[in-house]
Each structure stands twice: as structure tokens, then as C-alpha cells.
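Structural description and commentary
Residues per chain, in single letters:
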Amino acid sequence: MRLSMLAKRDFTLFWRNKSDVSNALIFFVVAISFFPLGVSPDATILGPISVGLIWIVALLSVQLGLDSLFRDDYEDGSLEQLALSETPLALIVLVRLLVYWCCVGLPLSLLSPLLGLMLSMPSEAYGTLIVSITLGTLYLTAVGAVGAALTVSLKRGGMLLSLIVMPLYTPILIFGASSVTFAADGMNADGLLMVVFGLTVLSVSLAPLAISASLRMSLENG
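Quick caveat, the model's predicted, so the values are computed rather than measured.

**What about the overall build of the protein chain?**
Within the protein chain, the secondary structure is distributed over nine helices and zero strands. Reading the helices (α) and strands (β) of the protein chain from amino to carboxyl end gives α-α-α-α-α-α-α-α-α. For the protein chain, buried positions account for 46% of its 222 residues. Intrachain contacts of the protein chain at a sequence separation of at least 6 include 82% that bridge at least 24 residues. With an accessible surface of roughly 10,800 Å², the protein chain has 69% of that area assigned to carbon and sulfur atoms. When the 10 positive and 14 negative side-chain charges of the protein chain are each reduced to one mean point, those points stand 11 Å apart.

See the structure below:
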């Protein structure tokens, strides 16, 4: 099966189930928009906490659609057919992850500067914010998908999925948010961004292998 056909299939599936994508984007915008109303519209209060707010809400937004990333294919038998195809399952998984990131993670990164403006984030941090969120959402997608694969056979695996992956989100949250904070304070954030880049490359390289092994285990036990 050609990778272009796999990507087209996955984009079509996400388009048919637009709620998974739209819910993540709507949650991201609405949750951030409520903070000035619930906390204070004062820039001196919102500015210092804006970086952490955007990163945490972005993390939760990416998490929203991961539970169903492989579940539909598992329930209708498509996953078994994909596992038996000539294309390695890890490569199929990688395409699925990249498509999900393009539909959810990339729009979140493009929206983040606008929401940063709403939260009175210093203008010096916008460039670093886009880069860190772009890389960070790809990391969150890859690591979160591992949890989705482990819980794919469970009917209510959403809570368990969160418990599995939340500790693994901690490094990217720390380094990603710190890079933006450094940039907002006028300091050089290149070192922190390189750490974020390294974590992202590592996760995208290893996650498809772990996911494919977990999916095959679920198919065998199912």
C-alpha cells in the first residue's frame, strides 16, 4: 500500500469524523479565552502565566482525540487488514501520527500567537512559541498515541490513557514552556529549543515501533 494512499485515507477519515479535530481546536480557543474573564484582564497578571496556560491547554487539546486514533480501525477490523498488509505496520502508524498532527497539532501552533496576544504575552516570545508548540504537539501526538495503542481494546480507556501518558508529557512541558519564558525575558532560548527538538525526534522515531507492537498484541489477545 502506497504511503500517499495511506495519508489520503487517513485525511478522509479525519474529515468524516471532524468532531475529533474541531473539538480540540474549539477547546483550545475557548479554554484560553476564559482565563482573562475568570482570572483578570490585567496584562501584568496574565503576562507572566500566559506561557504555562497555552502549553497546558495545548497538551489537553492534543489529548482529546487520541483515544479514538486507532479504536475505529480496531473495532471494524481494518486494523487487522493493515497489520497483514505488505507495508510495515510501524510505517502505517507513522503516517497516521503525522496526519493527526497536521489536523490538530499544526493548527494549534498557528493559533497560539493569537491566543498569546489575548493573554498579553510579550511580543518577543511569539516566534519561540510557534516553534516550541509545533515541535511539542508532535511529541505529544507520538507519545499519546502509544497510550492510545495500549488501551485500544478497552471500551473506556480514556482515563487510563491519561494516566499512562501524562508523566511522559512532563519533559516536553518543562522544556517547551521554559524556552518561551526565556524568549519572553529577552534571553537566548536556542538551547532549550534544541532539547525540545531532540525529544520530538526521539519520540517520533521510537513511538511507531512501540505502537505497532502494542496494536499487534491487542489483535492477538482480542
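**A closer look at the packing of helix H2 (residues 18-38) against helix H3 (residues 43-64)**
Contact geometry for H2 and H3: axes closest at 9 Å, N-to-C directions at 155 degrees. Relative to H3, H2 is oriented roughly antiparallel. Our pair here, H2 against H3, has a crossing hand that is right-handed. Within the contact between the two elements, H2 uses Asn23, Ala24, Phe27, Phe28, Ala31, Ile32, Phe35 and Pro36 and H3 uses Leu46, Leu53, Ile54, Val57, Ala58, Leu60, Ser61 and Leu64. A class-by-class count of the residues in the contact of H2 with H3 yields 14 nonpolar, two polar and no charged.

**With respect to unusual backbone geometry**
Negative phi is the rule for most residues except glycine; trans is the rule for most peptide bonds. Positive phi, normally seen in glycine, also occurs at serine 120, with a value near 60 degrees. With respect to the secondary-structure elements, serine 120 resides in the loop between helix H6 (89-118) and helix H7 (126-150).

**Quick look at a nonpolar patch on the surface**
A grouping of Ile26, Val29, Val30, Phe34 and Leu37 is seen on the molecular surface, where their side chains present a nonpolar patch of about 480 Å² in accessible area. Assignment of secondary structure puts phenylalanine 34 in helix H2.

**Thoughts on H2**
A rise of 1.5 Å per residue sets the reference length of H2, with its 21 residues, at 30 Å; its end C-alpha atoms lie 29 Å apart and thus fit the reference within 8%. The complete set of buried residues in H2 reads Val21, Ala24, Phe28, Ala31, Ile32 and Pro36. Looking straight down H2, one finds its buried side chains confined to an arc of 150 degrees; they lie on one side. Those residues of H2 that are exposed and aimed more than 90 degrees away from the buried face are Ile26, Phe34, Leu37 and Gly38.

**A look at the packing of H7 against helix H9 (residues 190-221)**
At a closest axis distance of 8 Å, the pairing of H7 and H9 adopts a crossing angle of 20 degrees. By the angle between their directions, the pair H7 and H9 is classed as roughly parallel. Along this stretch, H7 crosses H9, giving a crossing that reads as left-handed. Split into classes, the residues belonging to the contact of H7 with H9 amount to 19 nonpolar, seven polar and no charged.

**Considerations on the confidence of the model for the protein chain**
Averaged over all residues, the pLDDT of the protein chain is 87; the fraction at 70 or higher stands at 96%. Between the elements of the protein chain, mean pLDDT differs from a low of 79, seen in helix H1 (residues 3-16), to a high of 93, seen in H7.

**What to know about H3**
With 22 residues, H3 ought to run about 32 Å at 1.5 Å a step, and its terminal C-alpha atoms sit 29 Å apart, in line with that. The largest bend in H3 amounts to roughly 50 degrees and is located at serine 50.

**Notes on the nonpolar core**
Grouped together as the largest cluster of nonpolar side chains are 59 residues, with contacts concentrated most on Ile54, Leu69, Phe70, Met121, Tyr169, Ile211 and Leu215. Of all the elements in the fold, those that place two or more residues in this core are H1, H2, H3, helix H5 (78-84), H6, H7, helix H8 (158-184) and H9. The residues contacting isoleucine 54, other than those within four sequence positions of it, are Phe28, Ile32, Ser112, Leu115, Gly116, Leu119, Met121, Leu129 and Ile133.

**As for the side chain of serine 212**
By the element assignment, serine 212 lies in helix H9. Discounting residues that sit within four places of it in the chain, serine 212 has contacts with Leu89 and Ala90.

**Quick notes on the state of the cysteines**
All chains considered together, the criterion is met by zero disulfides. For cysteine 102, which is in no disulfide, the shortest distance to another cysteine sulfur is to cysteine 103 and amounts to 6.7 Å. Classification of cysteine 103 by relative accessible area gives buried; the value is 15%.

Criteria and cut-off values
- Residues numbered from 1 in each chain as written.
- Predicted model: local features only at pLDDT ≥ 70, side-chain atom pairs only at ≥ 80, totals over all residues.
- Heavy atoms only, no water.
- Helix = DSSP H or I, 4+ residues; strand = E, 2+ residues; numbered from the N terminus.
- Buried < 20%, exposed > 50% of the residue type's maximum accessible area, 1.4 Å probe, protein only.
- Contact = heavy atoms within 4.5 Å.
- Areas by Shrake-Rupley, 256 points an atom, 1.4 Å probe, with all protein chains shown as cover.
- Lys, Arg positive; Asp, Glu negative; His and termini not counted.
- Charge placed at Lys NZ, Arg CZ, Asp CG, Glu CD.
- Axes fitted to C-alpha atoms, helices over the stretch in contact; angles between N-to-C directions.
- Parallel < 35°, antiparallel > 145°, perpendicular 65-115°, else oblique.
- Left-handed = near helix turned anticlockwise from the far one by under 90°.
- Nonpolar A, V, L, I, M, F, W, Y, C, P; charged D, E, K, R; others polar.
- Patch = residues over 30% accessible without salt bridge, like charges linked within 9 Å, V, L, I, M, F, W, Y side chains within 5 Å.
- Salt bridge = Lys/Arg side-chain N within 4 Å of Asp/Glu carboxyl O.
- Expected span 1.5 Å × (residues − 1).
- Arc of directions from axis to C-beta.
- pLDDT = per-residue confidence, 0-100.
- Bend = angle between axes of the 7 residues up to and from the residue.
- Core = buried A, V, L, I, M, F, W, Y, C linked by side-chain atoms within 4.5 Å.
- Disulfide = S-S within 2.5 Å.

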